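Residues per chain, in single letters:
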Amino acid sequence: MNGVIILDKPAGFTSFDAVAVMRGLAHEKKIGHTGTLDPMATGVLPLLIGRAAKAADLLPDTDKEYTAGFRLGERFDTGDVTGRVIERSPIRASREELLRALERFRGDIMQVPPMYSAVSVGGQRLYKLARQGIEIEREARQIHIGALELTEFDENEQRGVLAVACSKGTYIRALIEDIAGAAGTLGVMTSLRRVRACGFTEDEAVALEDLRGLSAGGKLDTVLRPIETLFEDYPAVGVSAAQAARFCNGGGLDIGRLRMPRMALREGQRFCVFGPEGRFLGLAAVRTERNELGFLKLFAEIN
């Protein structure tokens, strides 16, 4: 089995747990995923099955989208309600104060990763240090917040929901803490759901129990998506049988002999390569000095 299954990850599962379960359901050892979700989080988790697992480090950089619940007035050691309260504030925020605070966190911003994260500093994972009660300085990293909206807020309860579209590497827990701080108080994430990742939405995701039922009935392939759906943001080029054979053997393709899309080409630009029958072969990248599409990754099975 080779392709992509969009899992609607349930709460209480790590991304590794989800992969382990899918290995059993798909009877396939090679399975990866496109981005870690914390155990408390739910939502879109594309699983890369079989040859698709080779795509993990080649995926286009697209924004992920989340809905995140939050509560003001408290700070937790983990940044979410799975941890313990370490600080409380009597200061309450109004909707208007929150809306003004949000304006500071749209676009390119700097974010300090939380201690409870998988970021490695000096060869050590931050969450391992945090579990020992050790906190160290972390360098801020640039992230991009493409959209940030307050979709719900109860001033009496000091609870609300944010809709966030953000770049890879964004920590929503830290974002909520920073927004609360900008509003003059404290905050904690109470829930997190990823509603979009790698171009796939929650409407396309399949619940784990449904996947179990499909597997038992031998119908898991009905929700298996082709590998090339991971790369729909890349332009495509079709090649002849001879060119396909050359590509599958790791050879570059002369751009002058290809029917390329009309567009300006740049060094390193990636293309999806399709054989004469429309079969997805793999990825190539522009090599301007050689005027070729250089071999990048093969996904097709070689007969």
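Per chain, the residues get numbers from 1 upward, laid out in the order the sequence is written. For a predicted model such as this one, the threshold for reporting local features is a pLDDT of at least 70, and the threshold for listing and counting side-chain atom pairs is 80 or more; totals across whole chains, interfaces and linings nevertheless cover every residue. Side-chain measures here rest on the full set of heavy atoms in the structure, leaving out hydrogens and waters.

Which residues make up the overall build of the protein, and what are the values?
Assigned secondary structure in the protein consists of six helices and 19 strands. Overall, the protein is about 70 × 50 × 40 Å in size when its C-alpha atoms are taken along their principal axes. Buried, partly exposed and exposed residues are distinguished by accessible area as a fraction of the type maximum, computed with a 1.4 Å probe on protein chains only: under 20%, between the cut-offs, and over 50%, respectively. Residues counted as buried form 47% of the 303 residues belonging to the protein. Treating the 40 positive side-chain charges of the protein as one cloud and the 41 negative ones as another, the clouds have centres 6 Å apart. To qualify as a helix, a DSSP run of H or I must reach at least 4 residues; to qualify as a strand, a run of E must reach at least 2; elements of each kind are numbered from the N terminus. Counting rule for charge: Lys and Arg are taken as positive, Asp and Glu as negative, and neither His nor the chain ends is counted. Working definition for charges: the position is that of NZ of Lys, CZ of Arg, CG of Asp or CD of Glu.

Break down unusual backbone geometry for me, with residues and values.
At Gln158, a position not held by glycine, the phi torsion is positive, near 55°. Structurally, Gln158 is set in the loop between strand 10 (141-154) and strand 11 (159-166). Positive phi outside glycine occurs at Asn291, with the angle close to 50°. For Asn291, the position within the fold is in the loop between strand 18 (280-287) and strand 19 (292-298).

Account for the environment of Met22, with residues named and values stated.
Relative to the assigned elements, Met22 resides in helix 1 (residues 15-26). Separated by 264 residues in the primary sequence, Met22 and Val286 place their C-alpha atoms 35 Å from one another. Among residues more than four places away in sequence, those in contact with Met22 are Ile5, His27, Ile31, Leu47, Ile49, Leu211 and Leu220. Only heavy atoms matter for contacts: two residues are in contact if any of them lie within 4.5 Å across the pair.

Now, about empty space enclosed by the protein: what can you tell me, with residues and values included?
A cavity here means a set of 1 Å grid points, computed over protein atoms only, where a 1.4 Å probe fits but cannot escape. A pocket is an open set with protein on both sides within 12 Å along at least 5 of 7 lines, and lining residues have an atom within 4 Å of a point. Grid points are joined across faces, edges and corners, and a volume is the space filled by probe spheres set on the points. With the rule as written, the count across this model stands at two cavities of 30 Å³ or more. Considering only enclosed or pocket space, the largest cavity measures out at about 60 Å³ in volume. Contributing to the lining of the largest cavity are Phe70, Leu72, Leu98, Leu102, Leu150, Leu162, Ile176, Ile179 and Ala180. Elements supplying a minimum of two residues to the lining of the largest cavity: strand 4 (64-72), helix 2 (95-102) and helix 4 (172-182). With three residues, the top contributor of residues to the lining of the largest cavity is helix 4. Residue type decides the class: Asp, Glu, Lys and Arg count as charged, Ala, Val, Leu, Ile, Met, Phe, Trp, Tyr, Cys and Pro as nonpolar, and the leftover types, Gly among them, as polar. Within the lining of the largest cavity, the residues separate by chemical class into nine nonpolar, no polar and no charged.

Would you mind going over helix 5 (residues 208-216) in detail, with residue names and values included?
Those residues of helix 5 lying buried are Leu208, Leu211 and Ser215. Angular distribution of buried residues about the axis of helix 5 spans 55°; they occupy a single face of the element. With respect to the buried face of helix 5, the exposed residues turned more than 90 degrees away are Glu209 and Ala216. Against the buried residues of helix 5 lie strand 1 (3-9), helix 1 and strand 14 (206-207). Two residues or fewer past helix 5, Gly218 is found with a positive phi of approximately 70°. As used here, the arc is the angular range of directions from the helix axis to the C-beta atoms.

Could you give an account of the side chain of Lys64, naming the residues involved and the relevant values?
Locating Lys64 in the fold gives a position in strand 4. It is Asp61 that comes nearest to the buried, bridge-free Lys64 among opposite-charge side chains, at 7.2 Å. Apart from residues no more than four positions distant in its own chain, Lys64 is found in contact with Thr34, Val164, Ala165, Cys166, Lys168, Arg194, Arg196 and Ala197. By definition here, a salt bridge exists when the distance from a side-chain nitrogen of Lys or Arg to a carboxyl oxygen of Asp or Glu is within 4 Å.

With reference to specific residues and values, describe the environment of Ala93.
The residue Ala93 is located in the loop between strand 6 (85-88) and helix 2 in this model. The exposure class of Ala93 is buried, given its relative accessible area of 5%. Remark: the alpha-carbon pair of Ala93 and Ala20, spanning 73 residues in sequence, is separated by 43 Å. Here Ala93 is in contact with Leu72, Leu98, Phe153, Gln158, Ala183 and Thr185, once residues within four sequence places are set aside.

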